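What follows is the residue order along each chain.
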Amino acid sequence: MDIEIIIDGKKIKADSNSTILEVARKNDIEIPTLCYLKGINEPASCRVCVVEVEGARNLVTACTTKIRPDMVVKTNTTKVIKARKTALELLLSNHNKNCLNCPKNLKCDFQKLVEQFHCDTEKYAGATTENHIDDTNHAIVRDMSKCILCGKCVSVCAKLQGCSAITKINRGFETKVGSDFDKCMQESSCIGCGQCVLVCPTGALTQKNDIPKVLDILEKTDVIRIAQVAPSVRVAIGEEFGGKIGEFAEGKMVTALKEIGFDYVFDVNMGADFTIVEEAQELIEHLKTNSKYPLFTSCCPGWFNYVQKNYPDMEKYLSSSKSPNEMLASIIKYYFEEQGKKVEIVSVMPCTGKKREVFAHGVIDACITTRELGELIRLKGINFNKLADSKFDDPFGEYTGGALIFGVTGGVTEAALRYAVHKLTGKKRNIIEDVRNSKGVKEVEVDLGGRTIRLAIVHGLANAQRVIEDIIAGEKHYDFVEVMACPGGCVNGGGQPYVDYNKISATEVAKKRAATIYKADGDMKFKEAGENKGVAKVYSELFKGDHELIHKLLHYVHVDYDRVEESKDN
Ligand code: SF4
Ligand code: SF4
Ligand code: SF4
Ligand code: FES
């Protein structure tokens, strides 16, 4: 039911079930927030969203206060501004204010508000939490001297990812965000997805910085320097330079990588076509076994590591096909080494978890995220928006639509089905809409060469946990299960550009980036891995049908994401 309220003198009709904040945002009235993440984290603890409500004795938090008929709200009075300023100054009292050394400098929500409200950074100066940086994990870095205890990371990790790798530990002034028994991140149940990094309003959680490694590689003159780029990076890198969310910037991105100094820029999409050829074959073989368990995808390192940590007995049901990133790198290294040339490879990923995958496999030399690519482009003084378009290099730059859609939840399944249907029936089925738009868990039955197979497409590890428990309990049966750790898939990966979630939800962001991918897939002539002539050429001319070699390069035996000793030296 709609009711009428007044905000800042403006009459507004809104659903009576709304909060003041929801109504304000819908009507372009700005109210700052720090601890609020709709539906996921609403503790009303930071108090920077306070507003005046006529008749109320105290200021109220806009993020949790429901509207009432004829409510009169004031969002920008002197009293409100002073209260917000005090709330921020209290948070600053236990905050390491060395902003110039902080990886979130100029991208920090907290810093922006401190500046906006002209805060006195030393107003409540006193004892502060010890500055302890935990960089044991290859994906993310934790610096609790920057934490304002908003709780967003804890909620995202528990509610979306079902990992509960981090939680609030200790009490009172000693309270901090840490893992159980205060273990280091590499020893915790963290799978490196980086979803906590996306929502952290400060520099307390950031990605591991691998730019120095890349700069070192670029300086080398005795190796061929190669960059390889994942599907979802091209629909997000433009955002680093003011572009619209989901803008397709493949051509500029390739040019930028060449200007940065890479000798070759190859496309991980080609690796995705290889992964599909191998994984679809695995699926066809798996179906013959009539197993109680499905074949699970394994290309998402977050999911892979989640299974290793939580369901080690199920690891054998993960596809042994390497991820597109690892497959392509293995092929590239073999291709050049056969010619007596040494290469070093940098992969550019939408994913913080890929940093752990790269470390675990040991083939790729450095891994940076989309955000780090943005930083590198700026560091090199390249004007991204003025760049002309370039194409990926031969011989590893060719791809089909099936590879591109790997970036979206349901994409791996659709690509595998396109290939398997063609292989088994000789008929093409280029768009398989049923597996798209997955809402957490999507169950689908598909006819595959006269046999009905049951599929589940899952994103968000909390959803994956429910699915795997049902499978183990015998309550559900599937032939194939695709899992992507990040909600929406890699388009919404933990290494993608920061977005202001006060203006747009993560779900909407993922949808926009996914729409661009599907549009590009629709425009492509070839949509199925079997149509990739470059892939066929590698199988025939480079591998020459050598099955042992193919298995060695394209499949893995065992990888350990949780090794600790080496990670500490990284
Ligand atoms: S990276 Fe993912 S698993 Fe690790 S703490 Fe953050 S949200 Fe949790
Ligand atoms: S680490 Fe970041 S997201 Fe987590 S509680 Fe601290 S400030 Fe909030
Ligand atoms: S869904 Fe994609 S971005 Fe997220 S952890 Fe998995 S591979 Fe990385
Ligand atoms: S109290 Fe409302 S955003 Fe923190």
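My aim in this report is to walk through the structure given alongside it, one point at a time. (Residues numbered from 1 in each chain as written. Chains lettered and ligands numbered in written order. Predicted model: local features only at pLDDT ≥ 70, side-chain atom pairs only at ≥ 80, totals over all residues. Heavy atoms only, no water.)

### Digging into the overall build of the protein
- The helix and strand inventory of the protein stands at 19 helices and 18 strands.
- For 570 residues, the compact-globule estimate of 2.2 N^0.38 gives 25 Å, and the protein sits close to it at 25 Å.
- Pairs at least 24 apart in sequence give 72% of the contacts found in the protein among residues at least 6 apart.
- As displayed, the protein offers around 23,800 Å² of accessible surface, 49% of which is attributable to carbon and sulfur atoms.
- Distance between charge centroids for the protein: 5 Å, based on 77 positive and 79 negative side chains. (Helix = DSSP H or I, 4+ residues; strand = E, 2+ residues; numbered from the N terminus. Rg over C-alpha atoms; globule rule 2.2 N^0.38 Å. Contact = heavy atoms within 4.5 Å. Areas by Shrake-Rupley, 256 points an atom, 1.4 Å probe, with all protein chains shown as cover. Lys, Arg positive; Asp, Glu negative; His and termini not counted. Charge placed at Lys NZ, Arg CZ, Asp CG, Glu CD.)

### Some details on helix H8 (residues 268-289)
- A rise of 1.5 Å per residue sets the reference length of H8, with its 22 residues, at 32 Å; its end C-alpha atoms lie 31 Å apart and thus fit the reference within 8%.
- Counting buried positions along H8 gives 18 out of 22 residues, so the element sits mostly inside the fold.
- The distance from a side-chain oxygen at the start of H8 to the backbone nitrogen of asparagine 269 is 2.9 Å, and the residue carrying that oxygen is aspartate 267.
- Count one or two residues on from H8 and you reach asparagine 290, which has phi positive near 50°. (Expected span 1.5 Å × (residues − 1). Buried < 20%, exposed > 50% of the residue type's maximum accessible area, 1.4 Å probe, protein only. Polar contact = N/O pair within 3.5 Å; in protein donor to acceptor, adjacent residues only side chain to side chain.)

### What to know about the nonpolar core
- Grouped together as the largest cluster of nonpolar side chains are 147 residues, with contacts concentrated most on Leu257, Phe274, Trp303, Leu373 and Phe543.
- Among the elements that line this core, the one with the most residues is H8, at 9 residues.
- In terms of domain composition, this core takes at least three residues from each of domain 2 (120-207) and domain 3 (212-554).
- Contact partners of leucine 373, with chain neighbours within four places excluded, come to Val233, Ile237, Met253, Leu257, Ile260, Val348 and Ile368.
- Residues Ile5, Cys49, Val53 and Ile67 belong to the second largest nonpolar core, which totals 21 residues. (Core = buried A, V, L, I, M, F, W, Y, C linked by side-chain atoms within 4.5 Å. Domains from an automatic or database assignment.)

### A few points about the site of ligand 2
- Around ligand 2 sit Cys147, Ile148, Leu149, Cys150, Gly151, Cys153, Val177, Cys200, Pro201, Thr202, Ala204 and Leu205, and that is every residue in its neighbourhood.
- In terms of residue class, the shell around ligand 2 is built from 10 nonpolar, 2 polar and no charged. (Near = heavy atom within 4 Å. Nonpolar A, V, L, I, M, F, W, Y, C, P; charged D, E, K, R; others polar.)

### Describing the layout of surface pockets
- In this model, the second largest pocket occupies a volume close to 600 Å³.
- Lining of the second largest pocket is provided by 24 residues; of these, Phe392, Asp394, Gly397, Glu398 and Tyr399 occupy positions nearest its centre.
- Within the residue set of the lining of the second largest pocket, elements represented by two or more residues are helix H7 (250-260) and helix H17 (533-542).
- Among the elements that make up the lining of the second largest pocket, the one with the highest residue count is H17 (6 residues).
- Grouping the amino acids of the lining of the second largest pocket by side-chain chemistry returns 10 nonpolar, 4 polar and 10 charged. (1 Å grid on protein atoms, 1.4 Å probe; cavity = no way out; pocket = protein on both sides within 12 Å on 5 of 7 lines; lining within 4 Å. Points joined across faces, edges and corners; volume = space filled by probe spheres on them.)

### Examining unusual backbone geometry
- Residue aspartate 394 is joined to proline 395 through a cis peptide bond whose omega torsion reads 0°.
- One can find proline 395 in the loop between helix H12 (370-379) and helix H13 (401-404).
- Even without being a glycine, alanine 44 presents a positive backbone phi close to 55°.
- Looking at the element boundaries, alanine 44 is found in the loop between helix H1 (20-26) and strand E3 (50-53).
- Alanine 44 sits in the partly exposed class, given a relative accessible area of 24%.

### With respect to the pattern of salt bridges
- Scanning all chains against the criterion turns up 34 salt bridges.
- When the shortest N-O distance is used, the salt bridge between aspartate 182 and lysine 176 registers 2.9 Å.
- Residue aspartate 182 is classed as partly exposed on the basis of its relative accessible area, which comes to 37%.
- Residue lysine 176 is classed as buried on the basis of its relative accessible area, which comes to 19%.
- As a salt-bridge pair, glutamate 508 and lysine 511 come within 3.5 Å of each other at their nearest N and O atoms. One end of the pair is glutamate 508 and the other is lysine 511, both in helix H16 (residues 506-523) and 3 residues apart, which spans about a single turn. (Salt bridge = Lys/Arg side-chain N within 4 Å of Asp/Glu carboxyl O.)

### So, the site of ligand 1
- By nearness alone, every residue bordering ligand 1 is listed as Ile140, Cys157, Cys163, Ala165, Ile166, Cys190, Ile191, Gly192, Cys193, Gly194 and Cys196.
- Considering only residue class, the shell around ligand 1 consists of 9 nonpolar, 2 polar and no charged.

### Brief notes about the sheet that holds strand E12 (residues 264-267)
- Read from one edge to the other, the open sheet built from 4 strands follows the order E12-E11-E14-E15, with strand pairing classed as parallel. The two strands at the open ends of the sheet, each matched to only one other strand, are E12 and strand E15 (366-369). Each strand of the sheet is rotated relative to its neighbour by a mean of 25°, with strand direction disregarded.
- Two strands pair when backbone bridges link them, and strand E14 (residues 343-349) and E15 are joined in this way by 4 bridges, in the parallel orientation. (Pairing = 2+ DSSP bridges. Axes fitted to C-alpha atoms, helices over the stretch in contact; angles between N-to-C directions.)

### Examining the pairing of strand E16 (residues 441-448)
- In the sheet, E16 pairs with strand E17 (residues 451-459) via 8 bridges, with the strands oriented antiparallel. For valine 446, the partnering residue across the bridge sits in E17 and is isoleucine 453.
- Between E16 and the antiparallel strand that follows it, E17, lie 2 residues; glycine 449 among them carries a positive phi value of about 60°.

### Overview of empty space enclosed by the protein
- What the rule picks out here adds up to 4 cavities of 30 Å³ or more.
- By volume, the largest cavity is sized at about 270 Å³.
- As for the largest cavity, its lining consists of 24 residues, of which Cys299, Pro350, Lys354, Met484 and Cys490 are closest to the centre.
- Counting residues per element, the ones that place at least two in the lining of the largest cavity are helix H9 (301-310), helix H10 (324-338) and helix H11 (353-361).
- By residue class, the composition of the lining of the largest cavity is 16 nonpolar, 7 polar and 1 charged.

### Digging into the packing of aromatic side chains
- The tally for this structure, following the rule as stated, stands at 14 aromatic pairs.
- Geometrically, the ring pair formed by phenylalanine 296 and tryptophan 303 is tilted, given 5.5 Å between the ring centres and 55° between the ring planes.
- Its relative accessible area of 1% is what places phenylalanine 296 among the buried residues.
- A relative accessible area of 0% means that tryptophan 303 is categorised as buried.
- The interplanar angle of 85° and the centroid separation of 5.5 Å between the aromatic rings of tyrosine 539 and phenylalanine 543 together place this pair among those described as edge-to-face. Here tyrosine 539 and phenylalanine 543 have matching classes, each one buried.
- Ring pairs connect the aromatic residues Tyr264, Phe266, Tyr335, Phe336 and Phe396, which therefore count as one cluster.
- Above the face of the tyrosine 399 ring, arginine 234 is positioned so that its terminal group lies 5.4 Å from the ring centre.
- In this arrangement the basic side chain of arginine 371 is found over the ring face of tyrosine 498, its NZ or CZ atom lying 4.3 Å from the centre. (Phe/Tyr/Trp six-rings, centres within 6.5 Å; stacked < 30°, edge-to-face > 60°. Lys NZ or Arg CZ within 6 Å of the ring centre and 35° of its normal.)

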